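Overview (structure and organization)
Residues per chain, in single letters:
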Amino acid sequence: MKRFLDLDDLTDDRLQAVLRRAAALERAPITDDLRGKTIGLLFMNPSLRTLASMQAGAQQLGGSTFVITPGQGSWTLETRDSVVMDGDAVEHVREAIPVLAQYADALGVRCFAKGKDLDEDLADGLIRQMADLCPKPFINLESALAHPCQALADWKTLEDLDVPRHGGRFVLSWAYHPKALALAVPTAALTMAARRGMDVTVLHPEGYDLPDPVLGKARALAASSGGSVTVSHDRRQALDGAHVVYCKSWGAPQHYGRPDDEAVLRRELRDWCVQESWFGPARPDARFMHCLPVRRNVKVADEVLDGPRSVVVQQAGNRLHAQKALMIELLTEGGA
Amino acid sequence: MKRFLDLDDLTDDRLQAVLRRAAALERAPITDDLRGKTIGLLFMNPSLRTLASMQAGAQQLGGSTFVITPGQGSWTLETRDSVVMDGDAVEHVREAIPVLAQYADALGVRCFAKGKDLDEDLADGLIRQMADLCPKPFINLESALAHPCQALADWKTLEDLDVPRHGGRFVLSWAYHPKALALAVPTAALTMAARRGMDVTVLHPEGYDLPDPVLGKARALAASSGGSVTVSHDRRQALDGAHVVYCKSWGAPQHYGRPDDEAVLRRELRDWCVQESWFGPARPDARFMHCLPVRRNVKVADEVLDGPRSVVVQQAGNRLHAQKALMIELLTEGGA
Amino acid sequence: MKRFLDLDDLTDDRLQAVLRRAAALERAPITDDLRGKTIGLLFMNPSLRTLASMQAGAQQLGGSTFVITPGQGSWTLETRDSVVMDGDAVEHVREAIPVLAQYADALGVRCFAKGKDLDEDLADGLIRQMADLCPKPFINLESALAHPCQALADWKTLEDLDVPRHGGRFVLSWAYHPKALALAVPTAALTMAARRGMDVTVLHPEGYDLPDPVLGKARALAASSGGSVTVSHDRRQALDGAHVVYCKSWGAPQHYGRPDDEAVLRRELRDWCVQESWFGPARPDARFMHCLPVRRNVKVADEVLDGPRSVVVQQAGNRLHAQKALMIELLTEGGA
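Per chain, residue numbering runs from 1 following the sequence as it is written. Chains carry letters and ligands carry numbers; both start at the beginning, A for chains and 1 for ligands, and go up in the order they are written. The predicted origin of the model limits local features to residues at a pLDDT of at least 70 and limits the giving and counting of side-chain atom pairs to 80 or more, whereas totals for whole chains, interfaces and linings rest on all residues.

Another point: the domain arrangement of chain A. Residues and elements named next belong to chain A. Per the domain assignment, the segments of chain A are domain 1 (3-147 + 319-331) and domain 2 (162-310). The gap between the C-alpha centroids of domain 1 and domain 2 is 26 Å. Across the boundary between the two partners, domain 1 contributes 17 residues, which contact 16 residues of domain 2. The residue inventory of the side of domain 1 that touches domain 2, partitioned by class, reads nine nonpolar, three polar and five charged. Segment limits for the domains were obtained from an automatic or database-derived domain assignment. Remark: residues whose backbone-derived C-beta atoms lie within 7 Å of one another are considered to be in contact. When residue character is reported, Ala, Val, Leu, Ile, Met, Phe, Trp, Tyr, Cys and Pro are called nonpolar, Asp, Glu, Lys and Arg charged, and the others, Gly included, polar.

Printed below as a string of structure tokens:
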């Protein structure tokens, strides 16, 4: 395995091996697996966790990194093929990716959804195009439809918390946010949970149905793993017996690319801010998960984030361990 | 000692030990004290010296760093508690600090004064809040009221120059600047000089009295160390017999948070630009100090900065040595 | 040799030694020549290749780097002497360069042409001023008139491709670009090719004659090396028997600093976009070179960039090897 575009790129065996290695690296974080190796990081969008943990992780394995941020110290990049580049973008990814790949032993790239055309973002073509341009190992650091490093870290978090694979009840709950957000994280969380064999409920207000290809993929994974995927608009029903509430906002697919139309639907939904009271029907020890960053008292109340249910900081900590294990998997003989 | 929020966090013994180690590191800069260790650096404000010297310093000790700059490649951060985050800020420091701390062996944070409310900035609460959120060693890289890495470097510079502790005459002189600047550096320089036992004169135009808590702290330190603190508006008198003139601008505390009102007072004070002629009453070998960055021919004339009195580049050089010694103090058994 | 401001700073012997070492480093990229050494990188303008390859290169040699980007996380820098700094710039290079030099074992600096005054940019004074302020080895990462790291990489690329030194036909062709660009790269490519002993043709539309000092220097180098320098406005004639077409845009020197006037001349020249059909009179295996970034279908057509003639990615790859060899030359006993 030389590219990690989505969790699918890891077979069940390799996924378990990566998770075991992540746990081992949590206990003994300093190795020299990446001695003499450089990881090139290209961030076309902002980052805190990924930016910090990829650098720290490579360094803790004896390697090093460089960071390129187009438009902030580096040239703005064009991504469309066959275009006449007489606008703002100065360089094309068709040059930038192969060039950076020559300086590095692997590339990690973040490129968010454009948010204009639902089908285009569902196809997640740009990250694949960039991976195809890269002759070295390639890591998706969040694309239009995938965030597999987050999914890997979240899987490890569920293991750490002893949330059962079979019979574990996982609720992916929509939450209010001032803007229509992308589908990458809800898709990543949903498909991860389904593949892990859990009973997954997608909870959201009317109008926020996840697109069919996303739900379809999750259902297929659940069918293989012995899990299930259900959709609900009823909060009490959805949280009944829940082990985990994973909170995330996303834009209404029916208004994709038309934020003004979507805002009309959205503005009535401010009460979709997770409160402690939501957890009434859940298991007493139910956990609150979120990939971060999170807007406090908009998506979730302080009482939840600051209370004992919240494992958001642990999730972020697992980004480090999971990504270190992944880099070893992609870059060394000890992996694969 | 696991956090360095102000020079107070070092006892006299440990302060001397850090200064001795800084001098040793100046002679032999390459060690492996930080082998396998990562320092996370969070810059909520611009930097040149701190940004470069923290990275170079960690690397020279065999360690590594990562840099997070909110709003420039990373998410904008909210710092206020209990707020509804429906504005520009995407992430709260209550998540960001614990998350980054998991990726690092220590955090260094820069967060300048907000400059709105004098009492709030005098309380220097934000840096303490962030340190409290950090379970790892924590270094203040300049806060609302403190710049202890600068103070440590300045102390070393005074030692290097053989400026006497007792009987050394240290003038902290206000200077003109187009904007009302923060109190962190004047407070750091004043309290450092007072603690070192020097006879300190604070020279400034009328209306620019340092706040009582700042002067009070300096006087208490001077009382313990055998030094003194005097305030003067008379340049000739203040510089009489001076060993050092430490130049810094700050806003008039009486107009704190109201820059338009302050500008009326300030615009008459353009002659507070340090000239060679100021040094007439000083010792012939009197030194000019400034923390940098400095606006040439606004705060100080080229003739002074380019002349033999100026030790501003040496001061900045000592940032490296002092911070390396401090990191060893905070992060290793060899420290503490 | 302790500073590398232009290719002239390397004698023929040392240039050949650096190229040999670059080739050796391409085969065996990991060494510890820079163990314990830090390279400070100051970017006053955007970069992708230089930013990434300097960091990766230093790391692959066992060293490390820090990056300072004025205006983006660091203070804006003043470069003019004797100025009253009451405008936007917060710090002067007269402080910034010596300060950064204390934290590093060498500095690399990028500072593009100001594009206001032709004579000023032809004098290339700012990079020299900064080198003079730096007591450590100093590397020009592209200045007003020079891009010697690019020239070194391009020389290596020509060697890799077995383009003959004597009798090799090298065409430097102007190309359309929406803006009037600087003279650094055309000057670097022209003087490199002339020094290498090739028969060089400068091809450009009327009004785009390179300034006399640039052409004069190239002709003097050609006279020493046994090469030649010719100017042509005739594409077919210029490309006749060419081994290499090196494409670059530059502003019309006669309208230097007056982009609106220049735009009138320029807007008729959109057909100066390199097409496959241009290569009719060239050698069948003629190569296309460009320093990157390049605007696709503006300066050069996709068919050329994506075809077998293009060596632009290899050129960029050679930046890494050439700069690593250069750092060893400047920083170690094994060099010089």
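With 26 residues of chain B at the contact, the number on the chain A side is 29 residues. We count a stretch as a helix when DSSP gives it H or I for four or more residues in a row; a strand needs E for two or more, and each element gets its number in order from the N terminus. Broken down by secondary-structure element, the contributors of at least two residues to the side of chain B that touches chain A are strand S2 (38-43), strand S3 (64-68), strand S5 (91-92) and helix H3 (93-103) of chain B. Counted by class, the side of chain B that touches chain A contains 13 nonpolar, ten polar and three charged residues.

Right, let's talk about the interface of chain C and chain A for a bit. The accessible area lost on association of the parts is a frequent measure of interface size. The interface is formed by 29 residues belonging to chain C together with 26 residues belonging to chain A. Of all the elements in the fold, those that place two or more residues in the side of chain C that touches chain A are helix H2 (49-60) and helix H12 (312-331) of chain C. Of all the elements, H2(C) adds the most residues to the side of chain C that touches chain A, at eight residues. Class assignment for the residues of the side of chain C that touches chain A results in 16 nonpolar, nine polar and four charged.

Looking now at unusual backbone geometry. Residues and elements named next belong to chain A. The omega torsion across Leu292 and Pro293 is 0 degrees, close enough to zero to call that bond cis. For Pro293, the location among the structural elements is in the loop between strand S12 (287-289) and helix H11 (302-305). Its identity is not glycine, yet Asp124 carries a phi of approximately 50 degrees, on the positive side. In this structure, Asp124 sits in the loop between helix H4 (118-123) and helix H5 (125-133). Three classes are used. A residue is buried when 20 or more other C-beta atoms lie within 10 Å of its own, exposed when 12 or fewer do, and partly exposed in between, with C-beta atoms placed from the backbone. The class of Asp124 is buried, set by 21 C-beta atoms lying within 10 Å.

The next thing to look at is the relation of the copies chain B and chain A. Screw-axis analysis of chain B against chain A gives a translation of 0.0 Å along the axis, an RMSD of 0.0 Å, and a rotation angle of 120 degrees. Expressed as a symmetry operation, the mapping of one chain copy onto the other fits a three-fold axis. Of the C-alpha atoms belonging to chain B, the one lying closest to the rotation axis is found on B:Gln72, 4.2 Å away. A low fraction, 4%, of the interface residues of chain B reappear at the interface in chain A, so the copies pair through non-equivalent surfaces. Alignment of the copies relies on least squares applied to C-alpha atoms, considering only residues that score at least 70 for pLDDT in both.

The next point concerns the sheet that holds strand S6 (residues 106-110) of chain C. Residues and elements named next belong to chain C. Here, strands pair whenever DSSP counts at least two bridges between them. With respect to topology, five strands assemble into an open sheet ordered S1-S7-S6-S2-S3, the strand pairing being parallel. Edge positions in the sheet fall to strand S1 (3-4) and strand S3 (64-68), since each of these pairs with one other strand and no more. For S1 and strand S7 (residues 138-140), the ladder comprises two bridges, and the chain directions are parallel. Pairing of Arg3 across the sheet is with Phe138, part of S7.

A few words on the relation of the copies chain C and chain A. Rotating chain C by 120 degrees about the axis while translating it 0.0 Å along that axis superimposes it on chain A, leaving an RMSD of 0.0 Å. Of the interface residues in chain C, just 3% have counterparts in chain A that sit at the interface too, so the contact is made through distinct surfaces.

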